[in-house]
Amino acid sequence: MGAADTEVGIVPHLSATQLYVKAAKLALEDAGITKDQVDGLITCASWAEPYIYHAEMIAEYMQIFPRYCIGAPAGGGTTLAMLHHAASAIVTGMCNTVLITMADSQVSGLSRDKAIEAMSTAGHPQFERPYGPPIPAFYALIARAHQHAYGTTAEQRAAVAVACRKHASLNPAAQMRTPITIDDVLSSRMICDPLHLLDCSLVSDGGAAIVMTSAERARDFRMPPVYLLGTGEGHSHEHISQAVSLTASAAREAGERAYAMAGLGPGDVDLAELYDCFTPVVIIELEDLGFCPKGEGGRFVEGGRIELGGELPVNTHGGLLSHCHPGHPGSMFSITEAVRQLRGECGTRQVAGAGIALVHGQGGIMSTHCAAIFGNRQV
Amino acid sequence: MTAHIRKPLPAPTLETRPYWDGCKLHELRIQRCAACGHFQFFPRIYCTRCFGDRVEWITASGRATVLSFTIVRRPVSAAFADDVPYVVALVSMEEGPTMMTSITGCAPEQVRIGMPVAVTFEDWTEDISIPKFRPA
């Protein structure tokens, strides 16, 4: 019933906490309700301004007194999964109106170098970190394994970055808006072979929030409702050196569970907002979410198929690669974009006739997956 | 040994102490379940296959093959700045488990998926030696 983003990119005039609360205010205004009507609050952890009881701190800061209050400790799949925690709380009567607000200030509050070093602590302290892997190294291991198994090319990975940037060029809010070519990606600095700089997502400030309630109540509010039709999770490991597979992910189980709940399949999806912390992730997600057979993801992204006007527009706001990536909140911008697309608010980047959107988040190192299917009608 | 002093130094725990004691002796130790024969790494209190409690430490052969690898060009922190470019790899041990490591003893560009490798140890402090792999 409400969805909004703050300004994103480099936002030095707002602290991390202020970004959470500004996103919340904008989403409440979009929903047409006051903060006193919120009785459930969900936030994610912040690195720039951490609190042990983060959601409680935001409630205190806003002076709201929810009867349901929870903070998501980690990003990507976990933060996206907060959708169904909120839905469950509403369905079981724990609360009626949940505000999910997530933000961070990784550039202005933390600094780019500190953010990158902090992220690398995802590696196991004894069995991974002594080898010095930055986050791109973990995903480079995945990219090379996929390349070896299926012949996926650097040009195909680059096509993902090109599509996201093309969409960001049509999004005035995006952090990086200058169109790029496949050659630009391939000639950008090598970070961790085979991943170039432009295969890697951004480091950003920003926040996004949504307001959820039951389908019945949603009809009474200002905006036409967007429905959460199905959602599912899958979990395979935490550390990449413990992964069962480098080339197949638990996005498959997450997607199957979400499709089953929605009673829909990949062929029903008009647009997809896929977690794109690195380009090879999108290729594997397209396979595991059933948009193409295993191993065909590289060929699928060729020829503009995932661009606006293509068979399956992906990351119509520009994604983590070009719109913004403030860390834990990353998946939230996929939700707010899906809502805008399903309301038909996206102007030059609108997917014509968008009725069903799939959002996918992954966290850790291809560890934790959540898929969610939204529609502008109940099916 | 002082070259590695600023790197993230492993802090052995109750559970991982036998592994690091082995590394100090230049032995690569993993666990084997005495009940079902399953080999496992990281170390755990129970067997991940039969969930039995008869896990024992054994010395692995140290032979492995490269499962995937990357050449790191931008170091994770200043402590690794002198090492770039360096190889971060996943190797599949002869016994079955996978581990993260570095490949040394050859140019980074010579590393290939499927390449046979053997363990070698880098002494970081008097107590901590880090297992790495070189072409076999």
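On a predicted model such as this, the values are computed, not experimentally measured, just so you know.

## Description of the overall build of chain B
Line of reasoning, step 1. Broken down by element type, chain B carries one helix and eight strands.
Line of reasoning, step 2. Going from the N terminus to the C terminus, chain B shows its helices and strands as α-β-β-β-β-β-β-β-β.
Line of reasoning, step 3. In terms of C-alpha radius of gyration, chain B reaches 16 Å, essentially the compact-globule figure of 14 Å for 136 residues.
Line of reasoning, step 4. Taking the principal axes of its C-alpha atoms as reference, chain B extends roughly 45 × 30 × 20 Å.
Line of reasoning, step 5. The buried share among the 136 residues of chain B stands at 34%.
Line of reasoning, step 6. Within chain B, contacts between residues at least 6 apart in sequence are counted, and of these 50% link residues at least 24 apart.

## Quick notes on the overall build of chain A
Line of reasoning, step 1. In terms of helices and strands, chain A carries 14 helices and 11 strands.
Line of reasoning, step 2. Relative to the globule expectation of 21 Å for 379 residues, the C-alpha radius of gyration of chain A, 19 Å, shows essentially globular dimensions.
Line of reasoning, step 3. By its C-alpha atoms, chain A is 55 × 45 × 40 Å across when sized along the principal axes.
Line of reasoning, step 4. When the 379 residues of chain A are sorted by exposure, 63% land in the buried category.
Line of reasoning, step 5. Relative to all contacts within chain A whose residues are 6 or more apart in sequence, the contacts with residues 24 or more apart total 76%.

## Concerning the interface of chain B and chain A
Line of reasoning, step 1. The partner chain A presents 25 residues to the 27 residues of chain B that form the contact.
Line of reasoning, step 2. Elements with a minimum of two residues in the side of chain B that touches chain A: β4 (63-72), β5 (86-93) and β6 (98-102) of chain B.
Line of reasoning, step 3. Class assignment for the residues of the side of chain B that touches chain A results in 16 nonpolar, seven polar and four charged.

## Observations regarding the sheet that holds strand β3 (residues 55-59) of chain B
All names here are of chain B.
Line of reasoning, step 1. A sheet is described by the order of its strands in space; here three strands give the open sequence β2-β1-β3, paired in antiparallel fashion. Each edge of the sheet is formed by a strand with only one pairing partner; in this case those strands are β2 (39-40) and β3.
Line of reasoning, step 2. Strand direction decides the pairing type here: strand β1 (residues 29-33) and β3, joined by five bridges, are antiparallel. Following the sheet pairing, Gln31 is matched in β3 by Trp57.

## Notes on the domain arrangement of chain A
All names here are of chain A.
Line of reasoning, step 1. One can read the domain layout of chain A as domain 1 (2-111 + 206-218) and domain 2 (135-201 + 225-375).
Line of reasoning, step 2. Each of domain 1 and domain 2 has a C-alpha centre, and the two are 23 Å apart.
Line of reasoning, step 3. Mapped by element, the contributors of at least two residues to the side of domain 1 that touches domain 2 are β1 (2-5), α3 (77-91), β4 (98-105), β7 (205-212) and α9 (215-218).
Line of reasoning, step 4. Sorting elements by how many residues they give to the side of domain 1 that touches domain 2 places α3 first, with eight residues.

## Topic: the pairing of strand β9 (residues 271-274) of chain A
All names here are of chain A.
Line of reasoning, step 1. Residues of β9 alternate between two faces, with Leu271 and Glu273 on one and Ala272 and Leu274 on the opposite face, all of them buried.
Line of reasoning, step 2. As paired strands, β9 and strand β10 (residues 356-363) are joined by four bridges and run parallel to one another. Residue pairing across strands places Ala272 opposite Leu358, the latter belonging to β10.

## As for helix α14 (residues 330-343) of chain A
Line of reasoning, step 1. Of all the 14 residues making up α14 of chain A, 13 are buried; the element is thus mostly covered by neighbouring parts of the structure.
Line of reasoning, step 2. Looking one or two residues beyond α14 of chain A, the residue adopting positive phi is Gly344 of chain A, at roughly 75°.

## Let's talk about the pairing of β6 of chain B
Residues and elements named next belong to chain B.
Line of reasoning, step 1. Summarising burial for β6: four of the five residues are buried, a large majority.
Line of reasoning, step 2. One ladder, built from five bridges, connects β5 with β6; its direction is antiparallel. By the bridge assignment, Ser92 is partnered in β6 with Thr98.
Line of reasoning, step 3. The hairpin turn running from β5 into β6, its antiparallel successor, is four residues long, and Gly96 in that turn takes a positive phi close to 125°.

## Description of the sheet that holds β10 of chain A
All names here are of chain A.
Line of reasoning, step 1. The strand order across the open sheet formed by four strands is β8-β11-β10-β9, and the pairing between neighbours is mixed. Single-partner strands in this sheet number two, and they are β8 (227-235) and β9. This sheet shows a mean twist of 15° between the axes of neighbouring strands, independent of strand direction.
Line of reasoning, step 2. The strands touched by helix α10 (residues 251-262) within the sheet are β8, β10 and β11 (368-375), with β8 carrying the most contacts at an inclination of about 150°.
Line of reasoning, step 3. Across the face of the sheet, α14 comes into contact with β9, β10 and β11 while running at roughly 175° to β10.

## With respect to helix α2 (residues 54-62) of chain A
Given 3.6 residues to a turn, an α-helix orients residues that are three or four positions apart in the same direction.
All names here are of chain A.
Line of reasoning, step 1. Of the positions making up α2, those classed as buried are His54, Ala55, Ile58 and Met62. The arc that holds every buried residue of α2, seen down its axis, measures 100°, which confines them to one face.
Line of reasoning, step 2. Contact partners of the buried residues in α2: α1 (16-31), β2 (40-44), β3 (68-72) and β4.
Line of reasoning, step 3. Looking one or two places after α2, you find Gln63, whose phi comes out positive at around 55°.

## Things to note about the environment of Ser188 of chain A
Line of reasoning, step 1. Tracing the chain through its elements places Ser188 of chain A in the loop between α8 (182-187) and β5 (190-192).
Line of reasoning, step 2. Apart from residues lying up to four places away in sequence, Ser188 of chain A is in contact with His196, Leu197 and Leu198 of chain A.

## Considerations on the packing of helix α7 (residues 154-169) of chain A against helix α11 (residues 279-288) of chain A
Residues and elements named next belong to chain A.
Line of reasoning, step 1. Closest axis-to-axis distance for the α7/α11 pair is 8 Å, and the angle between their directions is 95°. Looking at the two axes, α7 sits roughly perpendicular to α11. Counted together, Gln156, Arg157, Ala158, Val160 and Ala161 of α7 and Thr279, Pro280, Val282 and Ile283 of α11 form the full contact between these two elements.
Line of reasoning, step 2. Grouping the constituent residues of the contact of α7 with α11 by class yields six nonpolar, two polar and one charged.

## A short note on the environment of Gly375 of chain A
Line of reasoning, step 1. When you line up the elements, Gly375 of chain A lands in strand β11.
Line of reasoning, step 2. The class for Gly375 of chain A is buried, based on 23 C-beta atoms found within 10 Å.

## Here we look at unusual backbone geometry
Line of reasoning, step 1. Following Asp193 of chain A, the chain continues into Pro194 of chain A via a peptide bond in cis, with omega recorded as 0°.
Line of reasoning, step 2. Take Pro194 of chain A: it is sitting in the loop between β5 and β6 (195-196).
Line of reasoning, step 3. Going from Phe41 of chain B to Phe42 of chain B, the amide bond is cis rather than trans, its omega being 0°.
Line of reasoning, step 4. Mapped onto the secondary structure, Phe42 of chain B falls in the loop between β2 and β3.
Line of reasoning, step 5. Its identity is not glycine, yet Ser111 of chain A carries a phi of approximately 105°, on the positive side.
Line of reasoning, step 6. Tracing the backbone shows Ser111 of chain A in the loop between α4 (106-110) and α5 (112-119).
Line of reasoning, step 7. Residue Ser111 of chain A is classed as partly exposed on the basis of its 15 C-beta neighbours within 10 Å.
Line of reasoning, step 8. Its identity is not glycine, yet His26 of chain B carries a phi of approximately 60°, on the positive side.
Line of reasoning, step 9. Here His26 of chain B lies in the loop between α1 (17-24) and β1.

Here is what the cut-offs are and how they apply
For every chain, the first residue of its written sequence is number 1, and the numbers climb from 1 along that sequence. Here the convention is simple: chains get letters from A, ligands get numbers from 1, in the order in which they are written. Given that the model is predicted, a residue must reach a pLDDT of at least 70 before its local features are reported, and side-chain atom pairs must reach 80 or more before they are shown or counted; all residues, however, enter totals for whole chains, interfaces and linings. The numbering of helices and of strands both runs from the N terminus, where a helix is a DSSP run of H or I of at least 4 residues and a strand a run of E of at least 2. Throughout, the radius of gyration refers to the C-alpha atoms, and the reference size of a globule is 2.2 Å times the residue count to the power 0.38. Think of it as a crowd count around each C-beta: if 20 or more other C-beta atoms lie within 10 Å the residue is buried, if 12 or fewer it is exposed, and in between it is partly exposed, with C-beta placed from the backbone throughout. Residues are defined as contacting one another if the C-beta atoms placed from their backbone atoms lie within 7 Å. Charged residues are taken to be Asp, Glu, Lys and Arg, nonpolar residues to be Ala, Val, Leu, Ile, Met, Phe, Trp, Tyr, Cys and Pro, and polar residues to be all remaining types, Gly included. Whether two strands pair comes down to DSSP finding at least two bridges between them. All domain edges in this entry derive from an automatic or database-based domain assignment. Lines are fitted to the C-alpha atoms to define the axes, a helix being fitted only along its stretch in contact, and any angle between axes, read from their N-to-C directions, falls within 0 to 180 degrees. The directions considered for the arc are those from the helix axis to the C-beta atoms. Each angle receives one of four descriptions, namely roughly parallel if under 35 degrees, roughly antiparallel if over 145, roughly perpendicular if within 65 to 115, and oblique otherwise.

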